[in-house]
Amino acid sequence: MSDTQEATRECLGMNLDGNKEPVSLVESGVRSESEHLQVTIGATVPTGFEQTAAGEVREKLKSACRISKDRGKIYFDIAVESLAQVHCLRSVDNLFVVVQEFKDYQFKDTKEEVLRDFEELAGKLPWSDPLKVWQINTTFKKKKAKRRKANQSAGKEKADCGQGDKADEKDGKKKHASSTSDSHILDYYENPAIKEEISTLVGDVLSSCKDETGQSLREETEPQVQKFRVTCNRAGEKHCFTSNEAARDFGGAIQEYFKWKADMTNFDVEVLLNIHDNEVIVAIALTEESLHRRNITHFGPTTLRSTLAYGMLRLCEPKPTDVIVDPMCGTGAIPIEGATEWSHCYHIAGDNNPLAVNRAANNISSLLTKSQIKDGKTSWGLPIDAVQWDICNLPLRTASVDIIVTDMPFGKRMGSKKRNWNLYPACLREMSRVCRPGTGRAVLLTQDKKCFTKALSGMGHVWRKVHVVWVNIGGLHAAVYLLKRTAQAFVHPSDQDEGRDPPWTTPTHQVSL
């Protein structure tokens, strides 16, 4: 048996609740080396992209994945050793470990009876394994942050050469260390070279449980009295109780059972009570904030979530050497996510707004800096460029682009719906020019579905609609259109009668690919 496996067993056999008897992982005899603690992980994902997220889980974790009836959630089983890899998924927003799932929960007829059942449920749930996973997850994050902070401090001392510290620099270093440590774990799949380091880090966390009394681990991850809160997410019209009532009574029972202290803001443990019609799931949150906050440092008014950008890119199935263009990139969320996950492709971020191009360039620079810190050496760069251009007259050769992925203006915060009636047809026409006939594809996000449908109806000879994904963006009901470029060659309307080559074949400000 390896040291890591042995440490895992000892750590997982520890007791998180001082008021209960320790629960041994091994009940009788010694389990075989192939047996590990299995838990069910739940994840929230952008609505509409559940299938995309499930595909990533199957591909990267080799785990079966189930899509919940409640939109925007997926569930999959993992061994605890795969916890670090779960945090590296690109399509998930928040993670939680499932305590127990009731697929057909029988609610009583009156509110009082239902709430009484919730109170009794708290003491009957199998809390042990999920709390162990929560503890490992918390310790793992703290160990990672401490190690990164120590490395940053050592580097700072070396750079100072004995000089006194400046308060401003110290604060800046702390912030930088924190952001760097977060990106280090989230970029697991970007650079296989750090796989061994992360595995070692997990091993260190688990090995810290070997202390005979367990005091070291308890001091780090478990205060004398845990602070907690219960968050209830409820969907359905046949419930005779409110979310607040369920959270209040269920939380009160948890407080009585564990002797924890309720705190709605400064909490250590967040217990989730997810109710969708007759489906009830009790879980413990593993993330404090959404994992989509990973690549963007300079935000704009309509910055797209990285998880949504990943889902859009995955829809078009990029192949090695593909040229992928975002002609209305904003702050560059889509091409930056593309350059991070599909580094074998070439990505171009373009926009007509100089401020947006500047933000995209700054985000690219930040990503490059993060990559250099992670690798510990000067990087050769990233397969991405930022350009200022006119979407209706792109400085790209005809049929030179394989994939177009972009977030089109909704006409809400940017542009106007009236202007979209002229902009959308012009955009689709120019996109059809630069996109390769027969093999090219486009993934376009818009909330102005009426305008887009009308524009697309007039471009049936060059674009074929393959699939539509309905998504919710900030409360707006939007759509992601997957289009396929037909085999018909592009001919500009003004050149059809004149019989001459379109002027776009030799643009003045051309980017050679």
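These numbers come from a predicted model, not from an experiment.

Engineer: Before we go on, may I ask you to explain the sheet that holds strand β15 (residues 476-485) in this structure?
Structural biologist: With mixed pairing, seven strands are arranged side by side in an open sheet as β11-β10-β9-β12-β13-β15-β14. Looking along the sheet, the strands with just one partner apiece sit at the ends: β11 (384-388) and β14 (463-473). Averaged over all adjacent pairs, the angle separating strand axes in this sheet is 15 degrees, with direction ignored. Strand direction decides the pairing type here: strand β12 (residues 403-407) and strand β13 (residues 441-446), joined by five bridges, are parallel. Across the sheet, the residue bridging to V405 is V443, located in β13. Set on the sheet, helix α10 (residues 306-315) makes contact with β9 (323-326), β12, β13, β14 and β15; between it and β13 the angle comes to about 150 degrees. Here helix α11 (residues 333-341) sits on the sheet in contact with β9, β10 (346-351), β11 and β12, set at roughly 170 degrees to β10.

Engineer: I'm lost on α11 in this one. Help?
Structural biologist: The α-helix winds at 3.6 residues per turn, so residues separated by three or four positions along the chain end up facing the same way. Along α11, nine of the nine residues are buried, which leaves the element largely enclosed by surrounding structure. Every buried residue of α11 is listed here: A333, I334, P335, I336, E337, G338, A339, T340 and E341.

Engineer: Can you walk me through the environment of E337 in this structure?
Structural biologist: Tracing the backbone shows E337 in helix α11. Judged by relative accessible area, E337 falls into the buried class, the value being 0%.

Engineer: How should I be thinking about unusual backbone geometry in this particular structure?
Structural biologist: The phi angle of most residues is negative, glycine excepted, and most peptide bonds adopt the trans form. Non-glycine residue K62 carries a positive phi angle of around 55 degrees. On the secondary structure map, K62 appears in the loop between α2 (50-61) and β2 (65-67). Taking the relative accessible area as the measure of exposure, K62 reaches 69% and is therefore exposed. Of note in the backbone geometry, D277 takes a positive phi value of approximately 55 degrees without being a glycine. Within the element layout of this structure, D277 appears in the loop between β7 (269-276) and β8 (279-285).

Engineer: So what exactly am I meant to see when it comes to the side chain of N274 here?
Structural biologist: Relative to the elements of secondary structure, N274 occurs in strand β7. Exposure remark for N274: the relative accessible area of 5% places this residue in the buried category. One polar contact links N274 to N233, side chain to side chain, over a distance of 2.9 Å. Among residues more than four places away in sequence, those in contact with N274 are K73, F96, N233, E279, V280 and I281.

How each quantity is defined
Residues numbered from 1 in each chain as written. Predicted model: local features only at pLDDT ≥ 70, side-chain atom pairs only at ≥ 80, totals over all residues. Heavy atoms only, no water. Pairing = 2+ DSSP bridges. Helix = DSSP H or I, 4+ residues; strand = E, 2+ residues; numbered from the N terminus. Axes fitted to C-alpha atoms, helices over the stretch in contact; angles between N-to-C directions. Contact = heavy atoms within 4.5 Å. Buried < 20%, exposed > 50% of the residue type's maximum accessible area, 1.4 Å probe, protein only. Polar contact = N/O pair within 3.5 Å; in protein donor to acceptor, adjacent residues only side chain to side chain.

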